[in-house]
Amino acid sequence: MAPGEKIKAKIKKNLPVRGPQAPTIKELMRWYCLNTNTHGCRRIVVSRGRLRRLLWILFTLTAVALIFWQCALLVASFYTVSVSIKVHFQKLDFPAVTICNINPYKYSVVRDLLADLEQETRVALKTLYGFPENTSRRRREAESWNSEGPKFLRLVPLMAFSQDETGEVRDFLTGRKRKFSGRIIHKASDAMHVHGSKEVVGFRLCSNDTSHCALYNFSSGINAIQEWYKLHYMNIMAQVPLEKKINMSYSAEELLVTCLFDGVSCDARNFTLFHHPMYGNCYTFNNRENETILSTSMGGSEYGLQVILNINEEEYNPFLVSSSGAKVIVHRQDEYPFIEDVGTEIEPAMATSIGMHLTESFKLSEPYSQCTEDGSDVPVTNIYNAAYSLQICLHSCFQTKMVEKCGCAQYNQPLPPAANYCNYQQHPNWMYCYYELHQAFVREELGCQAVCREACSFKEWTLTTSLAQWPSVVSEKWLLPVLTWDQGQQIKKKLNKTDLAKLLIFYKDLNQRSIMESPANSIEMLLSNFGGQLGLWMSCSVVCVIEIIEVFFIDSFSIIARHQWQKAKEWWARRHAPPGPQGQDNPGLDIDDDLPTFTSALRLPPAPGTQVPGTPPPRYNTLRLERAFSDQLSDTQIPAES
């Protein structure tokens, strides 16, 4: 390289560098503040005075903090939904209607199966309330103990204890008091204690080895005995074959007296049998098994479903149910009818009118909500032959846990695969296990509430119920004989008004309300909001953001990496450098073939033992006139005056 080119390169090397290639982060930040379009950063550098600079630093940092805060709010609210409600007026499909008699099985048919249980129940009632001995001879004979003794009271003893005397209970069977050290579980809240008696009634359940026992008490002896009876009733009926239970319950011809839909006559052939463990034979109108789904073209009671039901109160089990009537539930064709949870009761000797409003809801799935489309992503096996719903998931989860923990399934729900209903003979511990599991389910300890999710789309019918006396006093004189004649082949007695109930189900109008969720934000709207925040607080654009990323992340890290690399090179050079030659006067001076520049010369260290030249003192004798200049030249002399 020519000497001139070396001088230019040396000068260029030692000149100060600005911009992204600045040697220090401080110089890089100064260059950025002077060249960026964000006004706050520029004012920090060009402002005069410390106070102004501090104020501009405070304003700029506040604006940056507000930008981050507002952008965080925008991101957090991105997955929100907007709800729109639309009302359509159109011809509506009629829902499925399931009707059940409150009494599941005819008492005259199941009496022999429940004879021992009823005998012990009557003895318990007599012990608790002191019923007078006014029963018939047949019942007095039935109330005498059989050879085996009271097996139900011995298996699950009924007990009474006083709240003042802790640790002592009184056995209903023997009447003696004994100590009880197990857990006491209250099945009723304190608000239900409406009487002044401090004695409560319950029953005891124990595990197989009787090491763990619990006493379940109730605020009323009636509730305790009914719950105790229900447990033994489920155990007995769980051992009866399904076909036999269907024959012991009410047929469609016995339950349905008359039927009318949309002004057209209908009969039992329009209903589908559905057997419920706790309600016996139920019948569904307009089920999915029909060829076509019925619809209605008008609103009002004249265009809905009208049926007259034969309740037949004489066949009611006195200990299983304490009210008379029927239960009805409105649901989708592919939905399981949870008649015991959401059913509407129909009173006898009354006309019950149920007006419906249809609401259809559509929710957004993840990430907007935790709902599920069809339940395929829920880790619970659907044991119901129906579409997914939250109730189905919870009941399926409980039944699965019941099979896992207790070895059998609860009687009042469908059976899981490869499972049997609980009974004493095969599962003597099932009652204690069932109640313990139910308590854990209520406390949300089984995990069912955590894994089960709501369906994203569902239909809901809002019901409005009204009652009227039926039949009237003047019309029952002719109406009851006519109905008795119509049912002559099915029943062998004369109907009275307490055996009948009238049901009317109809759309109040044909307005269908749809509730739909839609995303409240989009990517375009989010970016637009980001730009608005940047422009509002910093007068910045997307290009400025890219510039900030380049300077603060890429260039800054490049400078830091370059400095670290330079330090590493110097350390490596010092470690492997050969020792210097002897007699070198100035070891700090690096020999360079290039000519030194003014800047590089200033950076050179002084040689050891040398004096830095300074300004010499003035020579004042130079101010004296020399004699040589005192003699005038001949040609400059002034002639003398004569």
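Residues numbered from 1 in each chain as written. Predicted model: local features only at pLDDT ≥ 70, side-chain atom pairs only at ≥ 80, totals over all residues. Heavy atoms only, no water.

In the annotation of an unreviewed UniProt entry, the entry for the protein reads Epithelial sodium channel subunit gamma, and the organism field reads Neovison vison. As recorded by UniProt, the Subcellular location (unreviewed entry) comment attached to the protein reads in full: "Apical cell membrane". The record in UniProt for the protein states the following under Catalytic activity (unreviewed entry): "Na(+)(in) = Na(+)(out)". (UniProt positions renumbered as here; feature names shortened; annotations may be inferred.)

Draft legend 1. View of the overall build of the protein. Secondary structure summary: the protein contains 19 helices and 21 strands in total. Long-range pairs, those at least 24 residues apart, make up 73% of the contacts in the protein between residues at least 6 apart in sequence. Total accessible area on the protein stands at roughly 38,900 Å², and carbon and sulfur atoms take up 56% of it. (Helix = DSSP H or I, 4+ residues; strand = E, 2+ residues; numbered from the N terminus. Contact = heavy atoms within 4.5 Å. Areas by Shrake-Rupley, 256 points an atom, 1.4 Å probe, with all protein chains shown as cover.)

Draft legend 2. Fine view of unusual backbone geometry. Geometrically, the link from Glu 366 to Pro 367 is a cis peptide bond, its omega value of 5° lying close to zero. Counting through the fold element by element, Pro 367 comes out in the loop between strand E18 (350–362) and helix H13 (390–406). Even without being glycine, Asn 286 reaches a positive phi, approximately 65°. Within the secondary structure, Asn 286 is located in the loop between strand E13 (280–285) and strand E14 (295–296). The phi dihedral of Ala 349 falls on the positive side, at around 60°, and the residue is not glycine. Tracing the sequence through the fold places Ala 349 in the loop between strand E17 (344–346) and E18.

Draft legend 3. The arrangement of the pairing of strand E15 (residues 305–310) in detail. For E15, the buried fraction is high: six of the six residues fall into the buried class. Side chains of E15 alternate between two faces, with Leu 305, Val 307 and Leu 309 and Gln 306, Ile 308 and Asn 310 buried alike. In this sheet, E15 lies alongside strand E10 (residues 256–261) in antiparallel orientation, the contact comprising five bridges. By the bridge assignment for E15, Cys 259 is matched with Val 307. Bridge count for E15 against strand E20 (residues 500–507) is six bridges, and the pairing is antiparallel. (Buried < 20%, exposed > 50% of the residue type's maximum accessible area, 1.4 Å probe, protein only. Pairing = 2+ DSSP bridges.)

Draft legend 4. Geometry of helix H16 (residues 476–486). Within H16 the residues assigned to the buried category are Leu 479, Leu 480, Leu 483 and Thr 484. The arc that holds every buried residue of H16, seen down its axis, measures 130°, which confines them to one face. Seen from the buried face of H16, the exposed residues on the opposite side, beyond 90 degrees, are Lys 477, Trp 478 and Trp 485. On its buried face, H16 is in contact with E10 and E20. (Arc of directions from axis to C-beta.)

Draft legend 5. Local environment of the environment of Tyr 32. Tracing the backbone through its elements, the reader meets Tyr 32 in helix H2 (residues 25–35). Separated by 520 residues in the primary sequence, Tyr 32 and Phe 552 have C-alpha atoms spaced 9.5 Å apart. In this structure Tyr 32 touches Thr 38, Cys 41, Glu 547, Ile 548, Val 551 and Phe 552, once residues within four positions along its chain are discounted.

Draft legend 6. Structural detail: the pairing of strand E21 (residues 511–519). With nine bridges joining them, strand E1 (residues 81–89) and E21 adopt antiparallel strand pairing. By the bridge assignment for E21, Ser 82 is matched with Ser 518. Summarising the sheet, E18 and E21 pair through four bridges and their orientation is parallel. What sits directly across from Glu 360, in E21, is Ser 514.

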